[in-house]
Amino acid sequence: MDAHELLTRNVSEVVTEAEVEALADDPEGKRAYVGYEPSGVLHIGHMLTANKLIDLQEAGFEVVVLLADVHAYLNGKGTFEEIADVAERMRDQFVAYGLDESQTEFRLGSEFQFDREYVTDLHQLELETSLSRAERAMSEIKSGDTVKVSQAVYPLMQALDIVYLDLDLAVGGMEQRKVHMLARDVLPKIDYDAPTCLHTPLIADLGTGIGKMSSSEGVTISMEDSTEDIEQKVNGAFCPPTRDPDPDDEGRERENPVLQIFEYHVFPRFETVVVERPEQYGGDLTYDDYESLADDLESGELHPADAKGALATYLDELIAPGRAQIVESRDGR
Ligand code: NAL
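These numbers come from a predicted model, not from an experiment. (Residues numbered from 1 in each chain as written. Predicted model: local features only at pLDDT ≥ 70, side-chain atom pairs only at ≥ 80, totals over all residues. Heavy atoms only, no water.)

1. Notes on the domain arrangement of the chain
Part 1 of the argument: For the chain, the assigned domains read domain 1 (3–200) and domain 2 (227–332).
Part 2 of the argument: Here domain 1 and domain 2 have C-alpha centroids that lie 29 Å from each other.
Part 3 of the argument: Every contact between the two is made by 14 residues of domain 1 and, on the other side, 14 residues of domain 2.
Part 4 of the argument: Summed over both sides, the interface between domain 1 and domain 2 buries roughly 1,200 Å², with carbon and sulfur atoms accounting for 63% of that surface.
Part 5 of the argument: Looking at the side of domain 1 facing domain 2, the largest losses of area belong to N10, I44 and Y97, adding up to 35% of the total buried there. (Domains from an automatic or database assignment. Contact = heavy atoms within 4.5 Å. Buried area = accessible area lost by both parts, 1.4 Å probe.)

Next comes the structure, spelled out in structure tokens:
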């Protein structure tokens, strides 16, 4: 797979096409980052951006994972002590998931976000940004019902981090796009470059196929799930025999989350996917790519129940190392 395909496969949006093509032409030594508010346990959304980081490492990029401890604090996620503890565990889970430790730079935001130069730049960005713009940028990220001043500072710090970590490419889920658009507008006003951005898709809620899967509501998959939990959640998933459960709806309100997880999680990490079936139902099916599996689901060759059985097996394999890491760190206390 060439560098351009590694960069852009399974991506919802790149900003801009021309900038990403220039990076793909000469990827060696380029730096990409993802930032995460530390949370105790990795879930399937973290794993999706991590898959993109693994693609980027394969293309020759250096990868930076920012454990955004100050951002989590500004977003009301706990005390600094609590967040520091959680950040460490999150790092170990990323490594267990498959982010090569020798190729990944893990940073804490608090290492540089209190420096005088950083804070001075931050205040300059505050002068350049309206409150309403900052608030809009946070609509998909903020926790709690009321907007706090801290949450208006948050996206400006996220913009500035891209500069201070010396990055060529900012990666995030689609919920980060408004923050990145703000960064592209506001950084040039204080004479920094607008960052190139790449956004990964959001997976629909497993149970209904509606909206986005989130750790706060609905059904999600996390590294804490046992094999039985995964089987149960996947068996109960919404999986009509079609890629597009909402053909009349222009906005595609409903997705097929089982197919999405095959596309964004299973095929990027496994060369072939085997769906086991008893001889009497036609025997095992083997797939080399997502499209042929989705075609078979649509034609009726592959029954949703068999697709779910295989999905549970592969998901379990993907999270098993992280699950073992969580158990180990609990036992170690
Ligand atoms: C992501 C987050 C916080 C700070 C960042 C700085 C640079 C790059 C990415 C960053 C966390 C993210 C979230 N906003 O919602 O988890």
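2. Topic: helix α6 (residues 116–128)
Part 1 of the argument: With 13 residues, α6 should reach 18 Å at 1.5 Å per residue; the first-to-last C-alpha distance of 19 Å fits that figure.
Part 2 of the argument: All of the buried residues along α6 are Y118, D121, L122 and L125. For α6, the angular spread of buried residues about the axis comes to 105°, placing them on one side. Exposed residues on α6 whose side chains face more than 90 degrees from its buried face are R116 and L127.
Part 3 of the argument: Residues of α6 that are buried in the fold lie against α8 (149–164) and α9 (177–186). (Helix = DSSP H or I, 4+ residues; strand = E, 2+ residues; numbered from the N terminus. Expected span 1.5 Å × (residues − 1). Buried < 20%, exposed > 50% of the residue type's maximum accessible area, 1.4 Å probe, protein only. Arc of directions from axis to C-beta.)

3. Concerning the side chain of R277
Part 1 of the argument: One can find R277 in the loop between β7 (273–275) and β8 (285–287).
Part 2 of the argument: Here the side chain of R277 touches Y281 through a polar contact of 3.3 Å, landing on its backbone oxygen.
Part 3 of the argument: Within polar-contact distance, the side chain of R277 engages the backbone oxygen of G283 at 2.9 Å.
Part 4 of the argument: Excluding its chain neighbours within four sequence positions, the residues that come into contact with R277 are G282, G283, D284, L285, E301 and D306. (Polar contact = N/O pair within 3.5 Å; in protein donor to acceptor, adjacent residues only side chain to side chain.)

4. Considerations on the packing of helix α11 (residues 257–266) against helix α12 (residues 290–299)
Part 1 of the argument: The interhelical angle for the contact between α11 and α12, taken along N-to-C directions, is 165°, at an axis separation of 10 Å. In terms of orientation, α11 and α12 fall into the roughly antiparallel class. Crossing handedness for the pair α11 and α12: right-handed. Here L259, F262 and E263 of α11 come into contact with α12, specifically with Y290, L293, A294 and L297.
Part 2 of the argument: Grouping the amino acids of the contact of α11 with α12 by side-chain chemistry returns 6 nonpolar, no polar and 1 charged. (Axes fitted to C-alpha atoms, helices over the stretch in contact; angles between N-to-C directions. Parallel < 35°, antiparallel > 145°, perpendicular 65-115°, else oblique. Left-handed = near helix turned anticlockwise from the far one by under 90°. Nonpolar A, V, L, I, M, F, W, Y, C, P; charged D, E, K, R; others polar.)

5. Comments concerning the packing of α6 against α8
Part 1 of the argument: At a minimum axis distance of 10 Å, the contact between α6 and α8 shows a crossing angle of 130°. With respect to α8, the axis of α6 lies oblique. Between α6 and α8 the crossing geometry is right-handed. Contacts between α6 and α8 pair E117, Y118, D121, L122, L125 and E126 from the former with V153, L156, M157, L160, D161 and Y164 from the latter.
Part 2 of the argument: Class assignment for the residues of the contact of α6 with α8 results in 8 nonpolar, no polar and 4 charged.

6. A short note on the UniProt feature "short sequence motif: 'HIGH' region" (unreviewed entry) in the chain
Part 1 of the argument: In this numbering, the UniProt entry assigns the feature "short sequence motif: 'HIGH' region" (unreviewed entry) to residues 38–46.
Part 2 of the argument: Overall, residues 38–46 shows 33% helix and 0% strand. The separation of its end C-alpha atoms is 11 Å. (UniProt positions renumbered as here; feature names shortened; annotations may be inferred.)

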